Amino acid sequence: MAEINPSAEKFRTMLGEALGRLRKANAEYFELLEKGLSSSPLPIASQAKEFCDHMQRNVNATFDLGDKLIQAKDMQDALKIQSEFFQDQMRSLTDQARNMGESAMKAASGMFPKA
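This structure is a prediction, so every number in the text was calculated from the model and none was measured. (Residues numbered from 1 in each chain as written. Predicted model: local features only at pLDDT ≥ 70, side-chain atom pairs only at ≥ 80, totals over all residues. Heavy atoms only, no water.)

Re the pattern of salt bridges
Convention followed: Criterion for a salt bridge: a side-chain nitrogen of Lys or Arg within 4 Å of a carboxyl oxygen of Asp or Glu. By the criteria applied, helices consist of DSSP H or I runs no shorter than four residues and strands consist of E runs no shorter than two, each listed in order from the N terminus.
Applying the stated rule across the entire model yields nine salt bridges. The partner of D64 in a salt bridge is R23, with the nearest N and O atoms 2.6 Å apart. In this pair, D64 is assigned in helix α2 (residues 45-70) and R23 in helix α1 (residues 6-38), connecting sequence segments 41 residues apart. The partner of R98 in a salt bridge is D95, and the shortest N-O contact between them spans 3.3 Å. Remark: D95 and R98 occur in helix α3 (residues 75-111); sequence separation between them is three residues, near one turn of the helix.

Laid out in structure tokens, this is it:
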């Protein structure tokens with residue numbers, strides 16, 4: 001296996017540190033958003049919270065992708081990581097769409113009184 005270039009390793013370290021700072025800022029943002037939604041009197045606050053939970057999982061998955069790509073050994077490894085990420089995201093999107101659809105149906109059915 002070829003020796004890793006020291007400047008490339010330094011670049012990986014810098015990217016990892018930047019990603020760590022972004023993760024921290026992201027966590028703080030979602031914490032504030034959750035506090036705002038939990039105190040909201042709006043009837044759709046629970047659906048909005050669910051949507052935010054999905055967003056947070058997607059953003060965290062993207063950060064995880066960044067972590068993995070920083071550690072990729074070569075282009076083939078990076079492509080494998082991206083392919084796995086894409087497949088996981090498609091499964092997640094399908095699950096999220098189903099959950100959001102179910103929530104929307106529940107919310108809509110609660111808006112109309114039964115005859």
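Picking up after the structure, the text goes on.
Brief notes about the side chain of H54
Here is the rule we go by: Only heavy atoms enter the contact rule, under which two residues are in contact if any of them lie within 4.5 Å.
Its location among the elements puts H54 in helix α2. Setting aside anything within four residues of it in sequence, one finds H54 in contact with Q96, N99 and M100.

Brief notes about empty space enclosed by the protein
Formally: Cavities and pockets are found on a 1 Å grid laid over the protein atoms alone: a cavity is a set of points where a 1.4 Å probe fits but cannot escape, a pocket is an open set with protein on both sides within 12 Å along at least five of seven lines, and a lining residue has an atom within 4 Å of such a point. Grid points are joined across faces, edges and corners, and a volume is the space filled by probe spheres set on the points. Note on residue categories: nonpolar means Ala, Val, Leu, Ile, Met, Phe, Trp, Tyr, Cys or Pro, charged means Asp, Glu, Lys or Arg, and polar means any other residue, Gly included.
Scanning the entire structure with this criterion turns up one cavity of 30 Å³ or more. Of the voids in this model, the largest cavity is the one considered here, and its volume is about 50 Å³. F30, L33, E34, L37, K49, C52, D53 and Q56 are the residues that line the largest cavity. Of the residues belonging to the lining of the largest cavity, the class tally is four nonpolar, one polar and three charged.

Nothing here speaks to function; it is geometry throughout.
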